[in-house]
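# A closer look at the structure
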Amino acid sequence: MTSVTAAVPHPDHRILTAEGVGVFRPRRGGGAGTDLLSGIHLSLDAAEVVAVVGDEGSGKTLLLRALAGLLPPGVERVGRVAAGRAVLVPADGGLWPGAPLAEQFAAALAPFGLGRGAALRRAERLLTRLHLDNPARWLPLCPHQMGEGNRWRAALALGMAALNGGTGTEETGGLFLADAPGAGLDPTVRARLLHLLADWARESGAAVLLAGRAGDGLDGPADRVLRLSGGSLGPAPERDEAVAAPLVPSGPPVLSVRGLRVAVPLVRGGGGPLVVDDVSFDVGPGETVVLLGESGSGKAVLLRALARLMPAVSGRAAWMGHDLLTLDDGAVRAARGDVQMLFPDPRAALAPTVTLGDQMTEALDALQPGFTPAEQAARAAAALELAGLPLAATGYYPARLPPELAAAAGLARALVTGPRLLLADDPFAALDDGGRGRFLERLLRVQQARSLALVVATADADAACRLAHRVLVMLNGRVVEEAPAADLVRDPRHPFTRALLAAAEGHRPALDGDPPGLFAVPSGCPVRRRCPRVRDFCAQAVPEPEVVRPGHRVSCHYWDVADDGDAGTG
Amino acid sequence: MDGLAGDGFGVSPWRVAWRGFRASRAGVHGLGALAAVCCGGLLEPVLSAGNPTPGGAAKAAVAALDAVAASLLLGGSAAVLAAVVALVWGGGAALAGGRAGPRLVTLAGVAGALPLPLLPLMAGGLLDPDLGLFAVVLGLAAAPAPAVAAHGVLAALLRSDMATAADAAGLTRGAVLLRRVLPAAAVPLLAACWSALPRVLAMEGLAGLVHLGPGHGPAGEGATWGSLLGDAVAGGGPADLLGPGLLLAVTLWALGAIGDGLAQAAATLIPGGRRGAP
């Protein structure tokens, strides 16, 4: 639940002063306990937005709770915290699941002397500020009846209402603490929401402290970014991640996908809405192609169709001259030695009761029979080394591995058959910022060592542009822009691409609203309801790909129309 | 991976699950209570030999201890039958998929919502002397709820990325089932099926209370806690209710607590319960 601490007016515009704050777990029977946080010095002024980023388990939640005076049982705080009224929006948004939003807003605004009618009008205003369409329609509903995006809008608006009635001044703004706000939302939606929250803070005089993982877009709207590491708070370092080596063209494509269509099988025998619609692309030897898109874009389904883990409705995927989509079972098994897949959560994809070594041996037995046990062991050792794991990892059970180690284990399992094409479905999804950088570097090193062709699906535009030689931006099952990574960063033409890149850079994306669901895709251009360039014609026809320059194609009716000041940001 | 590789990742998942069970205070206490009940049953001959003509509450307590073996044997055999039926029913629904799977599991859900405890009462009236048939009826009456849970566990695992990844690694459907799904499902399924045991004991107690079911013989041979409760209600005093009532209550609590421990063990084995741990 959103938690409110007692109000203590502050004489000047400094909202929060934390000096020498530490959090520790006391030892039973006295004596020195375990330090969880130490030596935290932090101050926030009215209308200031500060982001605290850190890896998983770095203590971000604990810091917010210590500042709000809401520490869990069993831990204690030292140091001085002086803050005015404070609200903490917890990591899941903290909405009460069993009560309609109207009741929750009425309760939050009652301390400000607002009756039910006035409270609901104020709630509507706050929800509108966060771009919730038709808020009166949502107020009678319970949180579980809302989509993820609208639930976050409601959670943040409720926090705003509880803090200062949504309309503070520099003196009464208060301290707004949010733990991983917008976690789980698509990057453009999250970035837009955080910028709207920051706008409100600057108007209402609230000080906002956002905590979350680096790379979650918190730094965009923030005036300052701090990093929590090893229990201490310090300035955030510049990110320095590897980028893909330039591609040296070396022959014809190894994978050639043409007109691929995949449907969600809702009834027996297939039939259902298309989630991948007429996708075509080539992958050369040693090339990295990234499918960049948000949830529901069809990128993961496309990868699974290529790996023959889902049936395709039509199309062709020629791998070394054979159509992967029409091979019989025996030939598919032979091809799978060459075409391997990485899954978003390697811990969930590896069997919890079988050691990593046994899982590698089983894959070799199934896909490449004929190796002696000594040869299998040698192949497993080579795959482990490439993935950056010690030989002892053959004895690891995957379920309890930390995310970064699990990602390496998944990579080793995929590499053991010596694939020439690796299909990676959101391989950074379970990793924090540091882990993501290291895994990205590892993937690039493996690619160079093995001359792997790599097809990666991700929603992370930053990782996509670092990793890719070529990027395919996907939206509702279609490729809406395709370009070499450098071209795409320099000159994105589709409003959706611009929004993705803007979100990755921390800017305010120009697209508004949530992506349409599978059954609510609008006619014409699928992004037109969110697009700042929308014209009447956008509703009439699905845009066909047009050539911007060789190798760069875009599917937008107005890609060549001069911007109305929406250079990706709004 | 500097600083990441460490000890503990090679610990057997079964040991991890056992640690998870031990971390559940309720589970450990439940196991202790059940062990105490069993020990009481084993020590009954010693207790009755030391005091050959007990009276009142002591006599009822000795009789209740004497009934430990019969009660747990009857409950255990009925629960094993319930678990087998639940696994076949729920597992079959998960494997069948298509239209048959949801229908099978809907049927189990509907059956679970029926007043099935009345079934053993009816059977107790009709099949009074036949212990085996009574156990079968108990087992069948207790099966639907675990069947729904077993379906949930297995269906989630069959749809999981683990099964998809095993498919991508070239394992056949049979190998995916035998070497991936079933080992990962073992502890969650045990937790799902465990609930049948307190269920059958409660149903047997209810049947015995109204003087139906086995164990109402003239010399008290084969008496269960249910039959002792029934005899106490029919002709004994309140003190006669105390022994079997207390032992039944303690056993039901212990079995429920062990179920909690098993659920925690399943969650520990598969962190986050992603694979359908109940």
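Residues numbered from 1 in each chain as written. Chains lettered and ligands numbered in written order. Predicted model: local features only at pLDDT ≥ 70, side-chain atom pairs only at ≥ 80, totals over all residues. Heavy atoms only, no water.

Scanning chain A from N- to C-terminus turns up 16 helices and 22 strands. Radius of gyration (C-alpha) of chain A: 26 Å, near the 25 Å computed for a compact globule of 570 residues. Long-range contacts, defined as pairs at least 24 residues apart, comprise 72% of the intrachain contacts of chain A with a sequence gap of at least 6. As displayed, chain A has an accessible area near 22,300 Å², and 53% of this comes from carbon and sulfur atoms. (Helix = DSSP H or I, 4+ residues; strand = E, 2+ residues; numbered from the N terminus. Rg over C-alpha atoms; globule rule 2.2 N^0.38 Å. Contact = heavy atoms within 4.5 Å. Areas by Shrake-Rupley, 256 points an atom, 1.4 Å probe, with all protein chains shown as cover.)

Turning next to a negative patch on the surface. A cluster of acidic residues, D278, E544, E546 and D560 of chain A, forms a negative patch on the protein surface. Structurally, E546 of chain A is set in strand β21 (residues 546-549). (Patch = residues over 30% accessible without salt bridge, like charges linked within 9 Å, V, L, I, M, F, W, Y side chains within 5 Å. Salt bridge = Lys/Arg side-chain N within 4 Å of Asp/Glu carboxyl O. Lys, Arg positive; Asp, Glu negative; His and termini not counted. Charge placed at Lys NZ, Arg CZ, Asp CG, Glu CD.)

Working note: α-helix, 3.6 residues per turn, so residues spaced by three or four point in the same direction. Residue and element names in this part refer to chain A. Of all nine residues making up helix α1 (residues 60-68), seven are buried, and the element is well covered by its neighbours. Of all the positions in α1, only K60, L62, L63, L64, A66, L67 and A68 are classed as buried. At the exit of α1 stands G69, carrying a positive phi of roughly 70°. (Buried < 20%, exposed > 50% of the residue type's maximum accessible area, 1.4 Å probe, protein only.)

Residue and element names in this part refer to chain A. With 82 residues, the main nonpolar core has L389 and L411 as its most contacted residues. Per element, the largest residue contribution to this core is nine residues, and it comes from helix α12 (residues 403-415). What L411 contacts, discounting residues up to four positions off in sequence, is L342, A387, L422, F439, R442, L443 and V446. Core analysis: the next-biggest nonpolar cluster, separate from the first, contains 47 residues, V87, L120, A154 and A222 among them. (Core = buried A, V, L, I, M, F, W, Y, C linked by side-chain atoms within 4.5 Å.)

On the side of chain B, 33 residues touch chain A, which itself brings 37 residues to the contact. In this assembly, chain A packs against chain B so that about 2,900 Å² is buried in total across both faces, 59% of it on carbon and sulfur atoms. Between the two partners, chain A and chain B, sit four salt bridges. The salt bridge involving R180 of chain B is made with E362 of chain A; its shortest N-O contact spans 2.6 Å. Where chain A packs against chain B, one counts seven residue pairs in polar contact (both at pLDDT 80 or more). Every element with two or more residues in the side of chain A that touches chain B is listed here: α8 (329-336), α9 (346-349), α10 (356-367) and α12 of chain A. Ranked by residue count, the leading element in the side of chain A that touches chain B is α10 of chain A, at five residues. (Buried area = accessible area lost by both parts, 1.4 Å probe. Polar contact = N/O pair within 3.5 Å; in protein donor to acceptor, adjacent residues only side chain to side chain.)

In a packed pair of helices, the relevant descriptors are the angle between the two axes and the axis-to-axis distance. All names here are of chain B. Where helix α9 (residues 161-168) contacts helix α10 (residues 173-194), the axes come no closer than 10 Å and their chain directions differ by 160°. The angle between α9 and α10 falls in the class roughly antiparallel. By crossing handedness, the relation of α9 to α10 is classed as right-handed. Contact residues: M162, A163, A166 and D167 in α9; V176, R180, V181 and A184 in α10. Partitioning the contact of α9 with α10 into residue classes produces six nonpolar, no polar and two charged. (Axes fitted to C-alpha atoms, helices over the stretch in contact; angles between N-to-C directions. Parallel < 35°, antiparallel > 145°, perpendicular 65-115°, else oblique. Left-handed = near helix turned anticlockwise from the far one by under 90°. Nonpolar A, V, L, I, M, F, W, Y, C, P; charged D, E, K, R; others polar.)

All right, on to the sheet that holds strand β5 (residues 76-83) of chain A then. Residues and elements named next belong to chain A. The strand order across the open sheet formed by three strands is β3-β2-β5, and the pairing between neighbours is antiparallel. A single partner strand is all that each edge strand has here, and the edge strands are β3 (34-45) and β5. The mean inter-strand angle of the sheet, taken between neighbouring strand axes irrespective of direction, is 0°. Pairing between strand β2 (residues 14-25) and β5: seven bridges, direction antiparallel. Along β5, the bridge assignment pairs V23 with R77. (Pairing = 2+ DSSP bridges.)

Residues and elements named next belong to chain A. With antiparallel pairing, four strands are arranged side by side in an open sheet as β12-β11-β14-β15. Each end of this open sheet is capped by a strand with a single partner; those strands are β12 (274-283) and β15 (322-323). Pairing between strand β14 (residues 314-319) and β15: two bridges, direction antiparallel. For W319, the partnering residue across the bridge sits in β15 and is H322.

Residues and elements named next belong to chain A. For the structure shown, the criterion picks out four aromatic pairs over all chains. Here the aromatic rings of F176 and W200 are separated by 5.8 Å at their centres, their planes lie at 65°, and the arrangement is edge-to-face. Taken together, the residues span a long stretch of sequence, with F176 in strand β7 (residues 175-179) and W200 in helix α6 (residues 187-204) at a distance of 24 residues. Considered together, F176 and W200 belong to a single accessibility category, that of buried residues. With 6.4 Å between their ring centres and 75° between their planes, F428 and F439 make a pair best called edge-to-face. Residue F428 is found in the loop between β17 (421-425) and α13 (433-450), and its partner F439 is found in helix α13; the two are separated by 11 residues along the sequence. On the accessibility criterion, F439 (3% relative accessible area) is buried. Across the ring face of W138, the terminal group of R137 is positioned such that the distance to the ring centre comes to 4.4 Å. (Phe/Tyr/Trp six-rings, centres within 6.5 Å; stacked < 30°, edge-to-face > 60°. Lys NZ or Arg CZ within 6 Å of the ring centre and 35° of its normal.)

Residues and elements named next belong to chain B. The contact between helix α11 (residues 196-209) and helix α13 (residues 238-269) brings their axes to 9 Å, and the two run at 160°. For the element pair α11 / α13, the angle class is roughly antiparallel. When the axes of α11 and α13 are compared, the crossing they make is left-handed. Contact residues: α11 offers L197, P198, L201, A202 and G205, while α13 offers L248, T251, L252 and L255. Of the residues in the contact of α11 with α13, the class split is seven nonpolar, two polar and no charged.

So, on to the confidence of the model for chain A. Residues and elements named next belong to chain A. Confidence in the prediction for chain A averages 88 pLDDT; 92% of positions are at 70 or higher. Confidence drops under a pLDDT of 50 for residues 1-11, and excluding neighbours within four residues, the segment shows 31 contacts in the predicted structure. Throughout residues 565-570 the model reports pLDDT below 50, and contacts reaching past four residues in sequence, or to other chains, amount to 20 contacts. (pLDDT = per-residue confidence, 0-100.)

All names here are of chain A. Summed over the entire model, instances satisfying the criterion amount to 33 salt bridges over all chains. Here R436 makes a salt bridge to D462, at a shortest N to O gap of 3.0 Å. Of the two residues, R436 sits in helix α13 while D462 sits in helix α14 (residues 461-467), which places them 26 residues apart along the sequence. Judged by its relative accessible area of 5%, R436 falls in the buried class. Residue classification places D462 among the buried residues on the basis of a relative accessible area of 19%. Among the charged side chains, a network of salt bridges with common partners joins E287, R470, E482 and R553.

Below, the discussion takes up a nonpolar patch on the surface. Judged by side-chain polarity, L206, L209, V210, V233 and L241 of chain B come together as a nonpolar surface patch covering roughly 380 Å² of accessible area. Among the secondary structure elements, V233 of chain B is positioned in helix α12 (residues 225-235).

Before going further, it helps to examine the state of the cysteines. All names here are of chain A. Evaluated as defined, the whole model comprises zero disulfides over all chains. We note that C531 lacks a disulfide partner, and the nearest cysteine sulfur, in C556, lies 6.2 Å from it. Residue C531 is classed as buried on the basis of its relative accessible area of 14%. (Disulfide = S-S within 2.5 Å.)

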